[in-house]
Amino acid sequence: NAGVMQNPRHLVRRRGQEARLRCSPMKGHSHVYWYRQLPEEGLKFMVYLQKENIIDESGMPKERFSAEFPKEGPSILRIQQVVRGDSAAYFCASSPPGQANTEAFFGQGTRLTVV
Amino acid sequence: GENVEQHPSTLSVQEGDSAVIKCTYSDSASNYFPWYKQELGKRPQLIIDIRSNVGEKKDQRIAVTLNKTAKHFSLHITETQPEDSAVYFCAASTPRLGSWGKLQFGAGTQVVVTP
């Protein structure tokens with residue numbers, strides 16, 4: 001059972017371009033979470049998704065950021081018209097439904113650099 | 001929403017000594033408290049967690065205590081070793097739709113263990 005897979009591991013974008021970050025949850029996990037970690041800071045919750053549903057997007061910036069978790073395929077975090085301040089590590093985590101197993105497993109992260 | 005505060009921000013200890021990191025939380029509905037260790041450039045990894053129906057949990061050199069009344073929880077590492085050097089994050093979670101993966105993180109503690 002592979003862990004949470006994120007790609008790409010490193011992504012460089014010029015200001016104004018779009019960034020697409022992908023996350024494939026662990027097998028059997030139907031909950032996906034995206035977190036952002038600015039340099040030398042803690043992780044900040046962005047969005048919580050289940051298949052085809054956004055459950056909680058209270059941590060998402062109001063503009064330029066969107067997320068989806070389609071019925072088939074990975075979850076995508078999309079950042080339009082990137083700016084230097086978007087440079088960060090973006091981590092995806094997944095967990096199974098139900099309270100019996102509480103651990104959220106993190107992927108290796110995508111390090112976005114905006115130049 | 002939940003707010004988690006973590007202290008200290010940096011902690012230097014001699015090899016073999018103990019390290020203690022403390023966190024407080026604000027939302028009395030939170031009932032799952034994991035601790036993550038993050039080495040430079042890597043993903044956060046769960047090292048221990050505790051649920052609100054337990055006051056203390058231990059796993060070899062690592063222990064976590066929880067005081068629900070005071071809304072604080074602590075990580076204790078005994079007999080520290082150089083490989084314990086990392087950033088440690090506490091987190092709190094309130095279950096939502098059967099999942100505990102939406103985590104509110106503390107700001108992190110940089111632990112340095114000197115030989």
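Residues numbered from 1 in each chain as written. Chains lettered and ligands numbered in written order. Predicted model: local features only at pLDDT ≥ 70, side-chain atom pairs only at ≥ 80, totals over all residues. Heavy atoms only, no water.

A.B. asks: Would you mind showing me how to read the side chain of A:Arg36 here?
C.D. replies: Residues and elements named next belong to chain A. By secondary structure assignment, the location of Arg 36 is in strand S4 (residues 31-37). One buried charged residue, Arg 36, forms no salt bridge at all, with the nearest opposite charge on Asp 86 at 4.1 Å. Not counting residues within four places of it along the chain, the set of residues in contact with Arg 36 comprises Gly 42, Leu 43, Lys 44, Met 46, Pro 61, Phe 65, Asp 86, Ala 88, Ala 89 and Tyr 90. (Helix = DSSP H or I, 4+ residues; strand = E, 2+ residues; numbered from the N terminus. Buried < 20%, exposed > 50% of the residue type's maximum accessible area, 1.4 Å probe, protein only. Lys, Arg positive; Asp, Glu negative; His and termini not counted. Salt bridge = Lys/Arg side-chain N within 4 Å of Asp/Glu carboxyl O. Contact = heavy atoms within 4.5 Å.)

A.B. asks: Whenever I open this one, the packing of aromatic side chains confuses me. Can you help?
C.D. replies: The description of two aromatic rings rests on the distance between their centres and on the angle between their planes. This model, assessed by the stated rule, comprises 13 aromatic pairs over all chains. When the centroid spacing of 4.9 Å and the interplanar angle of 50° are considered together, the rings of B:Phe33 and B:Phe73 count as tilted. Here B:Phe73 lies in strand S8 (residues 72-77) and B:Phe33 lies in strand S4 (residues 32-38), a separation of 40 residues in the sequence. Among the residues examined, B:Phe73 registers a relative accessible area of 0% and is labelled buried. Members of the aromatic cluster, each reached through a chain of ring pairs, are A:Tyr35, A:Phe45, A:Phe91, A:Phe106, B:Tyr36, B:Phe89 and B:Phe105. (Phe/Tyr/Trp six-rings, centres within 6.5 Å; stacked < 30°, edge-to-face > 60°.)

A.B. asks: Any chance you could explain the environment of B:Ser12 here in plain terms?
C.D. replies: Tracing the sequence through the fold places B:Ser12 in strand S2 (residues 10-14). Sequence spacing of B:Ser12 and B:Val113 is 101 residues, and the spatial spacing of their C-alpha atoms is 6.0 Å.

A.B. asks: I tried to follow the interface of chain B and chain A on my own but got confused; where do I start?
C.D. replies: Contacts between the two partners involve 23 residues from chain B, matched on the other side by 27 residues from chain A. Interface area for chain B against chain A, summed over the two sides, is near 2100 Å², with a carbon-plus-sulfur share of 51%. In this assembly, chain B and chain A are joined by 1 salt bridge. A salt bridge links A:Asp56 to B:Lys102, with the nearest nitrogen and oxygen atoms 2.5 Å apart. (Buried area = accessible area lost by both parts, 1.4 Å probe.)

A.B. asks: Would you mind going over the sheet that holds strand S7 (residues 65-68) of chain A with me for this structure?
C.D. replies: By definition, the strands of a sheet pair up through backbone hydrogen bonds, in either a parallel or an antiparallel sense. All names here are of chain A. Taken in spatial order, the 4 strands make up an open sheet running S1-S3-S8-S7, and their pairing is antiparallel. Among the strands making up the open sheet, the edge pair consists of strand S1 (5-7) and S7. Taking the axes of each pair of neighbouring strands and ignoring which way they run, one obtains an average angle of 15° across the sheet. Sheet topology places strand S3 (residues 19-24) next to strand S8 (residues 75-79); 5 bridges connect them, and they run antiparallel. Across the sheet, residue Ala 19 finds its bridge partner in S8, namely Ile 79. (Pairing = 2+ DSSP bridges. Axes fitted to C-alpha atoms, helices over the stretch in contact; angles between N-to-C directions.)

A.B. asks: When you look at the pattern of salt bridges in this model, what are you seeing that I'm missing?
C.D. replies: Opposite charge on two side chains makes pairing possible when the charged atoms of those side chains draw close. Residues and elements named next belong to chain B. A complete count under the given rule lists 8 salt bridges over all chains for this structure. The salt bridge involving Asp 49 is made with Lys 57; its shortest N-O contact spans 2.9 Å. Its relative accessible area of 14% is what places Asp 49 among the buried residues. Since its relative accessible area comes to 36%, Lys 57 is described here as partly exposed. Across the pair Arg 61 and Asp 84 runs a salt bridge whose closest N-O atoms are separated by 2.9 Å.

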